[in-house]
Amino acid sequence: METLKNKIDFALVIAVHHANPNGDPLNGNRPRETYEGYGEISDVCLKRKIRNRLMDLGANVFVQSDDRRNDEHHSLKDRADACQALVAATKAKDREAYAKAACEEWIDVRSFGQVFAFKGFEVSMSVRGPVSIHQAVSLSPVDSISMQITKSVNGDSSESKGPDTMGTKHRIGFAIYKIMGSVNVQLAEKTGFSQEDAELLKEALKTLFENDCSSARPDGSMEVCRMYWWQHHEKTPNVSSGRIQRAFSYEQVDRPEKFEDYNITWNLDGCVEPEVFEFV
């Protein structure tokens, strides 16, 4: 495969309709918010969704959640021990060979990097990946809605209680979030992240919320509305990722209820024009 030669920046505009995009376990699983009231989705949550989509697309992934795994391994160590190249590198105590084998085996290792530090592990080391993802932030402050859930059946025949409150669900009525990310060529050269990997990442981002439904995120409640993809002509372009992020501007109606209620534009002189994908 051809190693990536040009830096990549990307941005996604996503819509949330009556869903909890990322619950905060330290706040009763309410949707994450900044102190200013803007909604957030953590980068870890987004990487999990990307990994799941890469698996759906047939890629080999190291960090798999137990409910989505596609092999017989129940831990990262078991998965690492099943790779003969990693076992040989561990016996030789060769960190470089270990990193090279892990990057060749799993797309998420050569994309996001990985720390290998298992109990009793003789070659503790880490891989630094070229793909970075920012936390998603909503374009406007969000309002969290809560509802009580009641139980209407008894768990067994010895119970005789009627309907009873069993918990609370939280959701956001509607919000638009923006996700930013990039791919660093210098790190891609070290991990072997290729142009083919970049195309697979692009496809995963386009379909980020496919096969991701849950009680908190019903099918269709989260969707990618627009995607920007900049593939620069240089390894280190003159236009920084920060300038690309700041080049977005937004206009909205007073009470937005759909993606079309926002006018999102991007313009930056001296920067390569992005590929823009619309999904609405």
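Residues numbered from 1 in each chain as written. Predicted model: local features only at pLDDT ≥ 70, side-chain atom pairs only at ≥ 80, totals over all residues. Heavy atoms only, no water.

*Asks:* Can you walk me through the packing of helix α1 (residues 43-56) against helix α7 (residues 195-206) in this structure?
*Replies:* The description of two packed helices rests on the angle between their axes and on the distance between the axes. Following both chains from N to C, one finds α1 and α7 inclined at 110 degrees, their axes separated by 9 Å at the closest point. In terms of axis orientation, α1 runs roughly perpendicular to α7. Judged by the twist between their axes, the crossing of α1 over α7 is right-handed. Judged by residue contacts, Ile50, Arg53 and Leu54 of α1 engage Leu200, Leu201, Ala204 and Leu205 from α7. Within the contact of α1 with α7, the residues separate by chemical class into 6 nonpolar, no polar and 1 charged. (Axes fitted to C-alpha atoms, helices over the stretch in contact; angles between N-to-C directions. Helix = DSSP H or I, 4+ residues; strand = E, 2+ residues; numbered from the N terminus. Parallel < 35°, antiparallel > 145°, perpendicular 65-115°, else oblique. Left-handed = near helix turned anticlockwise from the far one by under 90°. Contact = heavy atoms within 4.5 Å. Nonpolar A, V, L, I, M, F, W, Y, C, P; charged D, E, K, R; others polar.)

*Asks:* Can you walk me through the state of the cysteines in this structure?
*Replies:* Scanning all chains against the criterion turns up 0 disulfides. The thiol of Cys83 is not disulfide-bonded; the next cysteine sulfur, from Cys103, is found 11 Å away. Owing to a relative accessible area of 8%, Cys83 belongs among the buried residues under this scheme. (Disulfide = S-S within 2.5 Å. Buried < 20%, exposed > 50% of the residue type's maximum accessible area, 1.4 Å probe, protein only.)

*Asks:* Hey, could you run me through the packing of aromatic side chains in this one?
*Replies:* Given two aromatic rings, one states the distance between the centres and the angle between the planes to describe the pair. Tallied over the entire structure, the rule returns 9 aromatic pairs. Ring centres 5.4 Å apart and planes at 45 degrees place the aromatic pair Phe62 and Phe116 in the tilted group. Within this pair, whereas Phe62 is found in the loop between α1 and α2 (76-81), its partner Phe116 is found in strand β5 (residues 113-116), the two being separated by 54 residues in sequence. Centroid distance Tyr98 to Phe116: 5.2 Å. Interplanar angle 75 degrees. Geometry classified as edge-to-face. Here Tyr98 is found in helix α4 (residues 95-105), whereas its partner Phe116 is found in strand β5, with 18 residues between them in sequence. Each of the two residues, Tyr98 as well as Phe116, counts as buried. By way of ring pairs, the aromatic residues Tyr228, Trp230, Phe248, Tyr250 and Trp266 are connected into one cluster. The ring of Phe277 has Lys206 lying over it, and the distance from NZ or CZ to the ring centre is 4.1 Å. (Phe/Tyr/Trp six-rings, centres within 6.5 Å; stacked < 30°, edge-to-face > 60°. Lys NZ or Arg CZ within 6 Å of the ring centre and 35° of its normal.)

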